[in-house]
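Read off the chains here:
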Amino acid sequence: MTAAWDAARARALIEDHRPVRGGLLPALHALQRDFGYIDSAATPLLAEAFGLSQAEVHGVIAFYHEFRRTRPGRHVVRLCVAEACQARGAEALLAGLRERLGIGLGETSADGAVTLEPVYCLGNCALGPAALIDDELHGRLDGAGLAEAIG
Ligand code: FES
C-alpha cells in the first residue's frame, strides 16, 4: 500500500539521494515506491535539489515509462504484451479486463481498484501469459486467476 502524497516525506526522500552523483533517478524510484507515482509537486523539489530546471526533471520523468504521473489503483496489473505472451492469450486477458472493468492499457478503473499497464517481457515466456500483479509474478494467467488476484 502506498502513502498519500506528503511534501515533507518527499523532501526527505529527495534529500537522501541529493548527495549521490546521478541521484535523480534513485530519488524518482524512491518517490514512486512510497507514493505509487511522481506527484507534479515533486518536480520543483527535485529541480532545486539536483540543480536542474523543472523542464529537465519533467523530461526525465516522461522519458522513463515506468514512472507514473498519476496515483495508481489499489492493484497494479503489469500485463506482458510481448510476442510470446500474445501467442499464449494476453489478448484474451486484455479483452476480459476491458469488458469487466472498462479499462485498457495505461488506464485505471473508475472505482480506483485496478491500474493496467503494459510490460514487454518479464522473462517468464514459457509460462505465459504472464503479469506482475502488485509486484508478484504470475504465469499461465487466465481470466479466473486474474480475477482472483485482483479481488
Ligand atoms: S513474452 Fe511475456 S514473459 Fe516473455
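As named in an unreviewed UniProt entry, the protein is Formate dehydrogenase subunit gamma, taken from Phaeospirillum tilakii. As recorded by UniProt, the Cofactor (unreviewed entry) comment attached to the protein reads in full: "[2Fe-2S] cluster".

A. Quick peek at the pairing of strand β1 (residues 75–80). Pairing geometry for β1 and strand β3 (residues 114–119), over six bridges, is parallel. Residue pairing in the sheet places R78 in a bridge with E117 of β3. As defined by bridge partners, β1 adjoins strand β4 (residues 131–133) across three bridges and the pair is classed as antiparallel. Its bridge partner being in β4, L79 is matched across the sheet by A131.

B. Local environment of unusual backbone geometry. Here the bond from G128 into P129 is cis, since omega is -5 degrees, no more than 30 degrees from zero. Of note, P129 is situated in the loop between β3 and β4. The backbone of C121 sits at a positive phi, close to 85 degrees, despite the residue not being glycine. For C121, the location among the structural elements is in the loop between β3 and β4. Unusually for a residue other than glycine, D134 sits at a positive phi of about 50 degrees.

C. Structural view of the sheet that holds strand β2 (residues 107–108). With mixed pairing, five strands are arranged side by side in an open sheet as β2-β3-β1-β4-β5. Two strands bound the open sheet, and with one partner strand each, they are β2 and β5 (136–138). Against the sheet, helix α7 (residues 143–150) contacts β1, β3, β4 and β5, and its axis sits at roughly 155 degrees relative to β1.

D. Layout of the packing of helix α6 (residues 90–101) against α7. Interhelical geometry of α6 versus α7 gives an angle of 50 degrees and a closest axis separation of 10 Å. Looking at the two axes, α6 sits oblique to α7. The two elements α6 and α7 meet at a crossing, and its hand is right-handed. Of the residues in α7, those in contact with L93, L97, R100 and L101 of α6 are G143, L146, A147 and I150. Residue composition of the contact of α6 with α7, by class: six nonpolar, one polar and one charged.

Rules used in this analysis
Residues numbered from 1 in each chain as written. Predicted model: local features only at pLDDT ≥ 70, side-chain atom pairs only at ≥ 80, totals over all residues. Heavy atoms only, no water. UniProt positions renumbered as here; feature names shortened; annotations may be inferred. Pairing = 2+ DSSP bridges. Helix = DSSP H or I, 4+ residues; strand = E, 2+ residues; numbered from the N terminus. Contact = heavy atoms within 4.5 Å. Axes fitted to C-alpha atoms, helices over the stretch in contact; angles between N-to-C directions. Parallel < 35°, antiparallel > 145°, perpendicular 65-115°, else oblique. Left-handed = near helix turned anticlockwise from the far one by under 90°. Nonpolar A, V, L, I, M, F, W, Y, C, P; charged D, E, K, R; others polar.

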